[in-house]
Amino acid sequence: MSWLQARLARNFVQGCRVFSSSAPARWPTGANVLAKTLTRRRTFASSVAFWGTAFALATGFTVSTIHLDAEVPPSPAEDETRVDPATSIAFPTTLKIQSKTPLPTFTLMGVGVRTVSFLGIKVYSVGFYADLSNPNLAIPKDATAEEKIEYIVKSSACVLRIVPTRNTSYGHLRDGFMRALQARQVLSKQRGELTPEEELAIQSPLRKLKSMFPNTPLTKHSPLDILATAPSPKQPRTLIVRDLGSVQSDWLAREFILAYFEGKGLSPPLKQSVIEYVETHL
Ligand SMILES: *[C@@H]1O[C@H](CO)[C@@H](O)[C@H](O)[C@H]1NC(C)=O
């Protein structure tokens, strides 16, 4: 395979490996290397197949076949992760998603824990990624950190990676998402940013999103990736829920992500972490 394919594949595999390996050392040595390699390849193949399906559904893309014929040694720069101190869950600092029409490399801007307020139970860690290489991204220099975040969410493709800290269910996550989106609807109306016609138009995408989540468990430490494609004059943005499906709606794609940054945020540590990234990098 080409150098580029090898590099992309390696990045992707690393993303999977962080969550599939339960060994304390991330780079195993000795006899279990082969076993782990095989596991990784399987994880990789099924992940690619899924994203391929989602993108094909969402945009009509077809996905190229990637062959992982040779084990590629890790390079330190591409193996970087950032750990959520509240849960010890690690997030790759860059995320590359395979599809035939190239998707950008996503940059990790922050991580944080989502806690159920009244009991203080840690539900999941969440990482926020954005396409900071987008040439159309002209982040206003004199804006506040919060305004810059909003600008990024509104202008570029982004990903939320959600990693449960304990066994949970898709239904549980779905209920949280739907509550957050209901709150966004109320807020959008109060701010005069959602007309009655627009409100009517988002009901079907909202129902589609709600029906996407199966009635099955979601295992501790399995990442759930939620991607909002970049805005385009040609078609509405697509919100893709990895393994589950996709829905087209500018409002839904944008507001799903913005919910994490409203007020204190659904995860205040995530918001704080992204603000720090913006203040030091952008
Ligand atoms: C979590 O789910 C996995 C897979 O279903 C199971 O093997 C494991 O025992 C469960 N852990 C707990 C703490 O229930």
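Definitions and cut-offs
- Residues numbered from 1 in each chain as written.
- Predicted model: local features only at pLDDT ≥ 70, side-chain atom pairs only at ≥ 80, totals over all residues.
- Heavy atoms only, no water.
- Pairing = 2+ DSSP bridges.
- Helix = DSSP H or I, 4+ residues; strand = E, 2+ residues; numbered from the N terminus.
- Axes fitted to C-alpha atoms, helices over the stretch in contact; angles between N-to-C directions.
- Contact = heavy atoms within 4.5 Å.
- Phe/Tyr/Trp six-rings, centres within 6.5 Å; stacked < 30°, edge-to-face > 60°.
- Buried < 20%, exposed > 50% of the residue type's maximum accessible area, 1.4 Å probe, protein only.

- Identification of the protein chain as Chalcone isomerase domain-containing protein from Polyporus arcularius HHB13444 is taken from an unreviewed UniProt entry.

Considering the sheet that holds strand 10 (residues 238-241)
Step number 1: Read across the open sheet, the seven strands follow the order 3-4-5-6-9-10-11; overall the sheet is antiparallel. At either margin of the open sheet sits one strand with a lone partner, and together these are strand 3 (94-96) and strand 11 (245-248). Neighbouring strand axes in the sheet, compared pairwise and without regard to direction, differ in orientation by 25° on average.
Step number 2: Sheet topology note: the strand 9 (residues 224-228)/strand 10 ladder contains three bridges and is antiparallel. Residue pairing in the sheet places I226 in a bridge with V241 of strand 10.
Step number 3: Along the sheet, helix 4 (residues 170-190) contacts strand 5 (121-130), strand 6 (158-164) and strand 9; its crossing angle with strand 9, the most-contacted strand, is approximately 35°.

Considerations on the packing of aromatic side chains
Step number 1: Following the criterion strictly, the structure yields three aromatic pairs and no others.
Step number 2: Measuring from ring centre to ring centre gives 5.0 Å for F128 and F261, while their planes differ by 75°; the resulting arrangement is edge-to-face. One end of the pair, F128, is in strand 5; the other, F261, is in the loop between helix 7 (250-258) and helix 8 (268-281), and 133 residues separate them in sequence. For the pair F128 and F261, one class covers both residues: buried.

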